Amino acid sequence: MYRRIHEAVIQSPPIHDFDVFKESKDENFFESQESIDALCMYLQQLKPARNLGEDQLKDELFKLLQISLWGNKCDLSLSGGESSSQKSDVINSLEGLKPFILINDTESLWTLLSKYKKAAKPPVVRVDIVLDNSGFELITDLVLADFLLSSELATEIHFHGKTIPWFVSDVTVRDFNWIVEHVRSSNQKSMATCGADWESHVKMGRWIYHDHIFWTLPHPYCTMPQVAPDLYAELQKACLILFKGDLNYRKLMSDRKWEFTIPFHQALCGFHPAPLCSIRTLKCELQVGLQPGQAEQLMASDPHWLTTGKYGILQFDGPL
């Protein structure tokens with residue numbers, strides 16, 4: 001369906017580069033201003049993050065990973081185009097949301113990243129983020145990416161977006177640049193400071209944006225080495241890949257009806273360009289890596305637990 005919409009638009013010369021979902025995406029950003037400002041202010045207070053003690057660094061990393069997770073609730077394809085902006089203070093909601101994280105492998109992420117940080121000669125530590133939604137969710141991803149650099153847990157961040165408008169709110173290069181520019185030109189001091197930093201990261205090559213047609217093709221990710229060997233080779237350069245959102249999870253799992261208890265590594269069907277972590281709120285009837293009985297317990301207390309975006313996971317598949 002999304003490809004058909006795109007085909008219709010590109011065959012109409014005056015509007016060949018028109019994004020039919022632009023207005024909804026921009027609205028999500030403007031309606032979330034208060035939450036975005038609070039998040040930017042929070043990030044500024046953590047700087048310079050390299051001076052944080054190890055325990056605080058770990059604690060703040062976990063918080064920003066959870067913020068990025070709950071940012072994934074802001075999905076216009078789930079809300080049918082209705083407002084899906086973030087109006088509540090997500091930072092102060094984190095403690096209350098913890099019981100809704102069904103799998104939380106943040107300790108493994110910390111172990112991996114802190115191991116790189118402690119290496120005597122700091123190597124290039126590249127973290128890739130395969131993006132999902134624009135608007136508030138993209139802000140949470142950029143805040144996390146900024147923190148990874150300022151804490152020296154990473155030295156460069158590579159973002160992967162879509163080549164065409166996709167699933168209503170997915171990030172394209174226009175959205176990425178538009179968000180950075182609008183944060184930079186905000187009249188809120190903390191937002192403007194963040195925006196200026198982000199613009200500098202892009203200019204200095206610390207943040208690199210990629211898009212590839214593979215992300216809007218129907219193939220499961222386990223076929224990437226055959227279908228898009230150039231993209232697979234690019235992802236192999238990462239120390240860690242974060243896959244945001246539900247559609248990425250479905251494609252990581254080849255969209256099969258796995259048993260709930262099948263190990264994540266097994267369901268990836270051999271896809272492992274680098275250590276990877278799925279960060280998603282549940283919006284489709286697919287989940288692996290649960291404890292025996294966990295799914296049944298959830299079904300009994302909340303029959304729609306798989307599809308409402310109320311529950312989340314941070315699910316890691318580590319170095320081979």
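What you are looking at is a predicted structure, and each value in this text was computed from that prediction instead of being measured.

Observations concerning the pattern of salt bridges
Part 1: Applying the stated criterion to the full structure yields 23 salt bridges.
Part 2: A salt bridge links Arg-174 to Asp-26, with the nearest nitrogen and oxygen atoms 3.2 Å apart. In this pair, Arg-174 sits in helix H8 (residues 173-184) while Asp-26 sits in helix H2 (residues 22-31), placing the two residues 148 residues apart along the sequence.
Part 3: Accessibility expressed as a relative area gives 26% for Arg-174, which makes it partly exposed.
Part 4: A salt bridge links Lys-237 to Glu-234; its shortest N-O distance comes to 3.1 Å.
Part 5: Given the relative accessible area of 52%, Lys-237 is considered exposed.
Part 6: According to the relative accessible area criterion, Glu-234 is buried, its value standing at 19%.

Points about the side chain of His-201
Part 1: By secondary structure assignment, the location of His-201 is in helix H9 (residues 189-203).
Part 2: Beyond its immediate stretch of four places on either side in the chain, His-201 contacts Asp-146, Leu-149, Arg-206 and Trp-207.

Things to note about a nonpolar patch on the surface
Part 1: A contiguous nonpolar patch, built from Ile-15, Phe-18 and Val-20 and spanning about 250 Å² of accessible area, is present on the exposed surface.
Part 2: Following the sequence through the fold, Ile-15 ends up in the loop between helix H1 (2-10) and H2.
Part 3: Judged by relative accessible area, Ile-15 falls into the partly exposed class, the value being 39%.

Digging into the pairing of strand E5 (residues 240-244)
Part 1: Among the five residues that make up E5, five are buried, leaving the element largely enclosed by the rest of the structure.
Part 2: Where burial is concerned, the two faces of E5 agree: the one with Leu-240, Leu-242 and Lys-244 and the one with Ile-241 and Phe-243 are both buried.
Part 3: Here strand E2 (residues 126-130) runs beside E5; their pairing, made up of four bridges, is parallel. The residue of E5 that forms the bridge with Val-130 is Phe-243.
Part 4: Both E5 and strand E6 (residues 276-281) contribute to a ladder of four bridges, which runs parallel. Bridging from a neighbouring strand, Lys-244 pairs with Ile-279 of E6.

With respect to the side chain of His-158
Part 1: Mapped onto the elements of the fold, His-158 is located in strand E3 (residues 156-161).
Part 2: What makes His-158 buried here is its relative accessible area of 5%.
Part 3: In this structure the side chain of His-158 is engaged in a polar contact, spanning 2.7 Å, whose partner is the side chain of Glu-156.
Part 4: When neighbours within four sequence positions are excluded, His-158 is seen to be in contact with Arg-126, Val-127, Asp-128, Ile-129, Ile-208, His-210 and Glu-234.

Here we look at the packing of aromatic side chains
Part 1: If you walk through the whole model with that rule in mind, you get 22 aromatic pairs.
Part 2: Measuring from ring centre to ring centre gives 5.3 Å for Trp-215 and Tyr-221, while their planes differ by 85 degrees; the resulting arrangement is edge-to-face.
Part 3: For Trp-215, a relative accessible area of 3% corresponds to the buried category.
Part 4: An aromatic cluster is present here, built from Phe-214, Trp-215, Tyr-221, Tyr-232, Phe-243 and Phe-271 joined pairwise through their rings.
Part 5: Sitting over the ring of Tyr-116, Lys-115 keeps its end group 5.4 Å from the ring centre.

What about H9?
Part 1: With 15 residues, H9 should reach 21 Å at 1.5 Å per residue; the first-to-last C-alpha distance of 21 Å fits that figure.
Part 2: Among the residues of H9, Ser-190, Met-191, Cys-194, Gly-195, Trp-198 and His-201 are the ones counted as buried. Here the buried residues of H9 occupy an arc of 130 degrees about the axis, which is enough to place them on one side. Turned more than 90 degrees off the buried face of H9, the exposed positions are Lys-189 and Lys-203.
Part 3: Packing partners of the buried residues in H9 comprise H2, helix H3 (33-46), helix H7 (136-150), H8 and strand E4 (207-211).

The rules behind each value
Residues numbered from 1 in each chain as written. Predicted model: local features only at pLDDT ≥ 70, side-chain atom pairs only at ≥ 80, totals over all residues. Heavy atoms only, no water. Salt bridge = Lys/Arg side-chain N within 4 Å of Asp/Glu carboxyl O. Helix = DSSP H or I, 4+ residues; strand = E, 2+ residues; numbered from the N terminus. Buried < 20%, exposed > 50% of the residue type's maximum accessible area, 1.4 Å probe, protein only. Contact = heavy atoms within 4.5 Å. Patch = residues over 30% accessible without salt bridge, like charges linked within 9 Å, V, L, I, M, F, W, Y side chains within 5 Å. Areas by Shrake-Rupley, 256 points an atom, 1.4 Å probe, with all protein chains shown as cover. Pairing = 2+ DSSP bridges. Polar contact = N/O pair within 3.5 Å; in protein donor to acceptor, adjacent residues only side chain to side chain. Phe/Tyr/Trp six-rings, centres within 6.5 Å; stacked < 30°, edge-to-face > 60°. Lys NZ or Arg CZ within 6 Å of the ring centre and 35° of its normal. Expected span 1.5 Å × (residues − 1). Arc of directions from axis to C-beta.

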